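# Residue-level structural notes
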Amino acid sequence: MRRSILSSLRAHVGRLVAACLAIVLGVGFGSLAMIVHSSASHGVDETIGAQYKGVDAVVYPNQASISPADIANVQKLPQAASVVTLTTAYIQVSYPDLVRPTTLPIDALYDTTRIAGLGTSSGRLPTTTNEIALPARAAAKHKVTVGQTLRISSYEDKSWNVTVVGLLDDSKYVGTASAVATPAAVKMFEPGAFVRGIAIAAKPGVTQQQLADAAGPVVSKGLETFTGTGFIEHEVKSYTNGIDVLGGVFGMFAVIALFVACLVIGNTFTIVIAQRTREMALLRCVGASRRQVFSSVIAEASVVGVIASTVGVVFGVALSALGLALSREFDWGIPPVPLHLDLSSVFLPLLLGTVATLIAAVVPARRATKVAPLAALRPEAAPAAASKAGVLRLIVGFLLLLGGGLLLASGAATHQVLVGVAGGAISFLGILAVGSLLVPALIRVIGALPARSGGVPARIAVANAVRNPKRTAATTSALLIGVTLISLTCVGIASVRKTFDVSMDGQYPVDLMVTTYKEKMPANAEQQLRNIKGITQVVPVSQVLVKSGGQEVQVTGIDPAKAGSVIHNPEAAAKLKPGTALLDRSTMIMLKLENGSPLTIVSGQHKLTVTAQQATGLDPITVSSSDLAKLAPTAPLTGFWLASDPKADGSDVLDAVDQSLPTVKDLSVTGGLAERTSYTKVFDVLLIVGVGLLGVSVLIALVGVGNTLSLSVLERTRENALLRAMGLSRRQLRRMLAVESLLMALVAAGLGIVLGLVYGWTGTSALMGGQTVDGGVEYAVPGTLLIIIAAVAAVAGLLASVLPARRAAKVAPAGALATE
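Definitions and limits used
- Residues numbered from 1 in each chain as written.
- Predicted model: local features only at pLDDT ≥ 70, side-chain atom pairs only at ≥ 80, totals over all residues.
- Heavy atoms only, no water.
- Buried < 20%, exposed > 50% of the residue type's maximum accessible area, 1.4 Å probe, protein only.
- Helix = DSSP H or I, 4+ residues; strand = E, 2+ residues; numbered from the N terminus.
- Pairing = 2+ DSSP bridges.
- Contact = heavy atoms within 4.5 Å.
- Axes fitted to C-alpha atoms, helices over the stretch in contact; angles between N-to-C directions.
- Parallel < 35°, antiparallel > 145°, perpendicular 65-115°, else oblique.
- Left-handed = near helix turned anticlockwise from the far one by under 90°.
- Patch = residues over 30% accessible without salt bridge, like charges linked within 9 Å, V, L, I, M, F, W, Y side chains within 5 Å.
- Areas by Shrake-Rupley, 256 points an atom, 1.4 Å probe, with all protein chains shown as cover.
- Salt bridge = Lys/Arg side-chain N within 4 Å of Asp/Glu carboxyl O.
- Lys, Arg positive; Asp, Glu negative; His and termini not counted.
- Charge placed at Lys NZ, Arg CZ, Asp CG, Glu CD.
- Nonpolar A, V, L, I, M, F, W, Y, C, P; charged D, E, K, R; others polar.
- Polar contact = N/O pair within 3.5 Å; in protein donor to acceptor, adjacent residues only side chain to side chain.
- Arc of directions from axis to C-beta.

Our next topic: the pairing of strand 14 (residues 580–583). Alternating residues of strand 14 divide into Thr-580 and Leu-582 and Ala-581 and Leu-583, and every residue in both groups is buried. The pairing of strand 14 with strand 16 (residues 606–614) spans four bridges and is parallel. Looking at strand 16, one finds that Leu-583 is bridged to Gln-614. Direction of pairing for strand 14 relative to strand 17 (residues 621–624): antiparallel, over a ladder of two bridges. The residue of strand 17 that forms the bridge with Leu-582 is Thr-622.

Its place among the elements puts Asp-170 in the loop between strand 7 (159–168) and strand 8 (179–181). The exposure class assigned to Asp-170 is buried, which follows from its relative accessible area of 3%. Ignoring anything within four residues of it in the chain, the contact list for Asp-170 reads Pro-135, Ala-136, Arg-137 and Ala-177.

Across the interface, helix 12 (residues 417–433) lies against helix 25 (residues 730–768) with an axial gap of 9 Å and an inter-helix angle of 165 degrees. Considering their axes alone, helix 12 and helix 25 lie roughly antiparallel with respect to each other. As helix 12 packs across helix 25, the resulting crossing turns out to be right-handed. Residues Val-417, Gly-424, Ser-427, Phe-428 and Ile-431 of helix 12 touch helix 25, and the partners they reach there are Leu-751, Leu-755, Tyr-759, Ala-766 and Leu-767.

Unusually for a residue other than glycine, Lys-143 sits at a positive phi of about 60 degrees. Mapped onto the elements, Lys-143 comes out in the loop between helix 4 (136–142) and strand 6 (149–153). Backbone geometry places His-415, a non-glycine residue, at a positive phi of 60 degrees. Mapped onto the elements, His-415 comes out in the loop between helix 11 (391–414) and helix 12.

Moving on: a positive patch on the surface. Taken together, the side chains of Arg-730, Arg-731, Arg-734, Arg-735, Arg-806, Arg-807 and Lys-810 present a region of like positive charge at the surface. Of all the secondary-structure elements, those providing two or more residues to the positive patch are helix 25 and helix 27 (802–810). By residue number, the principal contributor to the positive patch is helix 25, which donates four residues. Position of Arg-734 among the secondary structure elements: in helix 25.

Among the surface-exposed residues, Asp-649, Asp-652, Asp-655 and Asp-658 lie close enough to one another that they form a single negatively charged patch. The residue Asp-649 is located in the loop between strand 18 (637–644) and helix 22 (650–658) in this model. Owing to a relative accessible area of 39%, Asp-649 belongs among the partly exposed residues under this scheme.

By the element assignment, Thr-587 lies in helix 20 (residues 585–590). According to the relative accessible area criterion, Thr-587 is buried, its value standing at 5%. Sequence separation between Thr-587 and Pro-620 is 33 residues, and the spatial gap between their C-alpha atoms is 5.9 Å. With residues near it in sequence (within four places) discarded, Thr-587 still touches Val-553, Pro-620 and Ile-621.

This part covers the pattern of salt bridges. On inspection of all chains with the given rule, the structure shows five salt bridges. Linking Arg-137 and Asp-170 is a salt bridge whose minimum nitrogen-to-oxygen distance equals 3.3 Å. A residue pair is termed long-range when its members are at least 10 positions apart, and Arg-137 in helix 4 and Asp-170 in the loop between strand 7 and strand 8 qualify at 33 residues.

Looking now at the packing of helix 12 against helix 16 (residues 469–507). Taken N-terminus to C-terminus, the directions of helix 12 and helix 16 make an angle of 150 degrees; their axes are 11 Å apart at the nearest point. When the interaxial angle is binned, helix 12 and helix 16 end up roughly antiparallel. For the pair helix 12 and helix 16, the sense of crossing is right-handed. Two secondary-structure elements touch here, helix 12 through Phe-428, Ile-431 and Leu-432 and helix 16 through Ser-477, Leu-480, Ile-481 and Thr-484. When the residues that make up the contact of helix 12 with helix 16 are grouped by side-chain class, the tally is five nonpolar, two polar and no charged.

Tracing the backbone shows Thr-484 in helix 16. The buried category is assigned to Thr-484, whose relative accessible area is 3%. Within polar-contact distance, the side chain of Thr-484 engages the backbone oxygen of Leu-480 at 2.7 Å. For Thr-484, the contacting residues outside a window of four places in its chain are Phe-428, Gly-752, Leu-755, Gly-756 and Tyr-759.

Moving on to the environment of Ala-780. Structurally, the position occupied by Ala-780 is in the loop between helix 25 and helix 26 (783–800). Given the relative accessible area of 12%, Ala-780 is considered buried. In this structure the C-alpha to C-alpha distance between Ala-780 and Ala-494, which are 286 residues apart in sequence, comes to 5.7 Å. In this structure Ala-780 touches Val-491, Ala-494, Ser-495, Lys-498 and Trp-761, once residues within four positions along its chain are discounted.

What follows deals with helix 24 (residues 717–725). Listed as buried for helix 24 are Asn-720, Ala-721, Leu-723 and Arg-724. In a view along the axis of helix 24, the buried residues occupy a sector of 160 degrees, so they form one face of it. Downstream of helix 24 by one or two residues, Gly-727 has phi in the positive range, about 115 degrees.

Quick look at helix 6 (residues 208–215) now. Leu-211, Ala-212, Ala-214 and Ala-215 are the residues of helix 6 that are buried. Taken end-on, helix 6 shows its buried residues confined to a sector of 160 degrees, consistent with a single buried face. Buried residues belonging to helix 6 abut strand 1 (57–61), strand 2 (80–94), strand 9 (194–202) and strand 10 (223–227).

In structure tokens:
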């Protein structure tokens, strides 16, 4: 039997190539996901561990601050060999490339004999109060060199000139490193500098737990005590939560890729077994039992699974190494992460790939045992193509579709994500179950036009596509999964983004508010701001501090005719008119007002009575410029409200505005653009990652489409030869197969996009319905992306038909008929 298995593998290796490719892609992708996640987590573990090398216990401020008494008590511990106070001062530094100072954290140097600290990549550590050492990355960004003098200042307006005597090696530092100075310098810069922790090294023979247990009782309540290992785990968790989430996303898509690979593998083995009916019957004739036939098919699947999975793991390791090498080559703002291979990231994908192949081959193997020995004595014919779905399967499919639809609607209505996910999964299983009925029907509908206008090849293509409903449904299902998930991702992200936009318009209605309180705005300030790339509107505002209700409140005046161009909340912009004041919620509560209440504002000898209306995200009190002129005729121009181009890079716009108006020393830049930019980047990354990862499943599915067509060509050799003998040209034969492939791809694309819209909208409702202030959810249709998805699926379907069509066109009619 072993010889038979090996001979069979050698004889049918060409037919198994597609199955092998599906396994390689699925396993390789899963291996890539696990290796990248493992390497990232291991890299963070190593770098954070190096930062706290020698630390055996840490006292950490949780609900209270660390006091001098706490530090003194810890220093008296007999179990402690070294106690280091981790102190940080936050000061303003004037870099030569910036027009205004920016915040710089400075850590106090400490004894590194027992507890590790950052070393220098060039220069030396500070020794006097007028010296500092900068992190190398910050120095490179602002083009600061050793020996250069910088001006620093405290928030109490005290200033010092300091010399940069060294650059700290922060190449492997996780997060943003601080500058360092002597303890005396830090105390001089900020007498009440923040104590972020007490690091303790234990004496020989004292365990970390013993040291932590000893330190806990001597410090104030509200301070948390960790062992050295426990604190590293605490820090790692704060950095790896995002990595863990990303790992979960990668893992989910890896499972999807393997599932699609299973569909392709199962379809491949089904067709291969069908084509080997006579071979199986001959084995039965020479004495092979049903069990031996079953075992031979499973053995073939095992060999294919192990070899292809091994190649997939190697492929995944190679891609992981390449990706991590690129991350080290280009500055992506993350520490260098070395390739880290563990047993789970290598052997788990190998095991899953092999098991998935075996599972996919079980049903075809059982079918092989049902081949009767007498089949070997009958004339060889093409495998039967007709296959009708069982009534039971259809009933179960419709029940799943109905039950899943109800759960999906319930999840969207009650904002229960898990219920919605369950409903989506169950309803999709229902779609797959009724696929043998649904897909051929859709192919007939879509194929009506080419069948009418495409001539004989198109009509034959439509007939061939629906000839074997079960196989066509299985082939289309693999592509359907990928298209549905990509469409779901695009629709979901677009809808969530639109929902966030509307919510942000309510919470942060103005992109940027540029103000100054101690200086006058330069005469050309408005034009300078208009010249910034990405700024679309600039509206001047005036501000004054007034008394209202016994409280001092800031009042902002803006021209109502121009306010709508910078206030993204149309409702709030419409309320802003003479006689009405917009108040934020905290001011409404402080002044004990409600919507529609009269509000009297007094400024010196002037008094103004207006109607109060609540508006979130604006200044404490916002009135029309004409009302402000009545209240404070000499109110100065103090700033501008800006609107930005949604297509512009928000970070670049923020940096440009922050560094604008160089003659203004104290410029405040606030607004919702920073928030918008942060979540927009998250959505962009999710979209790119999601579409890229799901594209792998589509690639595997297209391999299945090409495989089905290739095997179809082999089993219809006689039929195709007869068509050629009757006058069908090679070109018409290729067109016939192209139309057949295109029909399957279009059905998968169309059905997948419809399902993606339904799942994306209901998923957005389930996820976001309970998150917005008013419970409202916005639905979006990313038309361009959906059209691109459909076009890519169609083109890919055509490409999948190229090789099978060439193979079919090369067969001579007479030769094919003679061999049958």
